[in-house]
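Structural characterization, general
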Amino acid sequence: MTSGSTGAGPAGPARRRGRPARTDAVDGPGARERILAAARAEFAARGYEQASIRGIAKAAEVDPALVHHYYGTKEQVFEAAVEMSFAPALSAPEIVLEGGLEGVGERLTRFVLGVWENPVTREPLLAIARSALNNDAAAAVFRKLVARQLLRRIAAELAVPDADLRAELAAAQLVGTVMLRYVIKLEPLASADPERIVARVTPVVQQHLTGP
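Residues numbered from 1 in each chain as written. Predicted model: local features only at pLDDT ≥ 70, side-chain atom pairs only at ≥ 80, totals over all residues. Heavy atoms only, no water.

Okay, the overall build of the chain next. The helix and strand tally for the chain stands at 11 helices and zero strands. When its helices and strands are written in sequence order, the chain yields α-α-α-α-α-α-α-α-α-α-α. Looking at the chain as a whole, 42% of its 212 residues are labelled buried. Nonlocal contacts in the chain, meaning residues at least 24 apart in sequence, comprise 67% of its contacts between residues at least 6 apart. With the model as given, the accessible surface of the chain reaches about 12500 Å², and the carbon-plus-sulfur share is 55%. (Helix = DSSP H or I, 4+ residues; strand = E, 2+ residues; numbered from the N terminus. Buried < 20%, exposed > 50% of the residue type's maximum accessible area, 1.4 Å probe, protein only. Contact = heavy atoms within 4.5 Å. Areas by Shrake-Rupley, 256 points an atom, 1.4 Å probe, with all protein chains shown as cover.)

What follows concerns the packing of aromatic side chains. The final tally for this structure, using the stated rule, is five aromatic pairs. Ring geometry for Phe43 and Phe78: centres 5.0 Å apart, planes at 80°, overall edge-to-face. One end of the pair, Phe43, is in helix α2 (residues 31-50); the other, Phe78, is in helix α5 (residues 74-86), and 35 residues separate them in sequence. We note that Phe43, like Phe78, is buried. Pairing Tyr48 with Phe78 gives two aromatic rings, centres 5.1 Å apart and planes at 85°, and the pair type is edge-to-face. Of the two residues, Tyr48 is situated in helix α2 and Phe78 in helix α5; the sequence distance between them amounts to 30 residues. Each member of the pair, Tyr48 as well as Phe78, is classed as buried. (Phe/Tyr/Trp six-rings, centres within 6.5 Å; stacked < 30°, edge-to-face > 60°.)

At a closest axis distance of 7 Å, the pairing of helix α10 (residues 163-183) and helix α11 (residues 194-210) adopts a crossing angle of 160°. In terms of their interaxial angle, α10 and α11 are classed as roughly antiparallel. When the axes of α10 and α11 are compared, the crossing they make is right-handed. The segment α10 lies against α11, with Arg166, Ala167, Leu169, Ala170, Gln173, Leu174, Thr177 and Arg181 engaging Pro194, Ile197, Val201, Val204, Val205, Gln207, His208, Leu209 and Thr210. Within the contact of α10 with α11, the residues separate by chemical class into 10 nonpolar, five polar and two charged. (Axes fitted to C-alpha atoms, helices over the stretch in contact; angles between N-to-C directions. Parallel < 35°, antiparallel > 145°, perpendicular 65-115°, else oblique. Left-handed = near helix turned anticlockwise from the far one by under 90°. Nonpolar A, V, L, I, M, F, W, Y, C, P; charged D, E, K, R; others polar.)

Turning to the confidence of the model for the chain, a few remarks are in order. For the chain, per-residue confidence averages 80 on the pLDDT scale, and 83% of positions sit at 70 or higher. Within the chain, α11 carries the highest mean pLDDT (95), whereas helix α1 (residues 23-26) carries the lowest (48). Scored below 50 in pLDDT, residues 2-24 makes nine contacts in the model with residues more than four places away or belonging to other chains. (pLDDT = per-residue confidence, 0-100.)

A separate point is α5. With 13 residues, α5 extends 18 Å between its outermost C-alpha atoms, agreeing within 8% with the 18 Å of an ideal straight helix rising 1.5 Å per residue. For α5, the full list of buried residues reads Val77, Phe78, Glu79, Ala80, Ala81, Val82, Ser85 and Phe86. (Expected span 1.5 Å × (residues − 1).)

This part covers the nonpolar core. Ranked by size, the top nonpolar core spans 59 residues in total, and within it Ile35, Phe43, Val77, Leu108 and Trp116 carry the most contacts. When near neighbours in sequence (up to four residues on either side) are disregarded, Phe43 contacts Tyr48, Ala51, Ile56, Lys74, Val77, Phe78, Ala81, Ala127 and Ser131. (Core = buried A, V, L, I, M, F, W, Y, C linked by side-chain atoms within 4.5 Å.)

One way to put it is that helix α7 (residues 104-117) packs onto α11 with a least axis distance of 7 Å and a crossing angle of 130°. With respect to each other, α7 and α11 are oriented oblique. α11 is crossed by α7, and the crossing has right-handed handedness. Within the contact between the two elements, α7 uses Val104, Gly105, Glu106, Leu108, Thr109, Arg110, Leu113 and Glu117 and α11 uses Pro194, Glu195, Ile197, Val198, Val201, Thr202, Val205, Gln206, Leu209 and Thr210.

The next point concerns the side chain of Glu42. You can see Glu42 is positioned in helix α2. Setting aside residues no more than four positions away along its own chain, Glu42 makes contact with Gly47, Ala51, Gly55, Ile56 and Ala59.

Quick look at the structure:
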């Protein structure tokens, strides 16, 4: 007579929760870099609102827990991805200030437009700008990075009254130009020759930075 046991026979090893068994795809050489590259691509493709930690983990072939382990919250992942995309612009203070304050407006204007004119650097920056327009958390991250890494470093070298305000006003002029030309694509600005834009914008930027 058979036993009344409901067991289905010998069981295999219990499946553990948490990280998948593919440890080489979870936390191995290059995992951190894969996560950051995947995050940048996800935010670029989906924007801040639609991108998710799970989607980033899937693209990077890691467990979502590892994304949190390396970068924290979604906002912190976005900040890391923004900093990676924004990296070319972070050399601006050294480049625009190396010739002194005379001509700083033109150098800054040319640098900013140059970054946006280059398709390689423009695409990730477009994704950042769109996310910042549509989400308060993304806007806060972008604002903090721009203020900390770019504007304060420029303001520190101006040696003029109200340096922080001056740097922010100059940035507002350039950001407004960039948004209308590359994001909103307002004509005739969107198709205007870059040299024409430089000629028009430079005096305003220079006035903000060094004018009375």
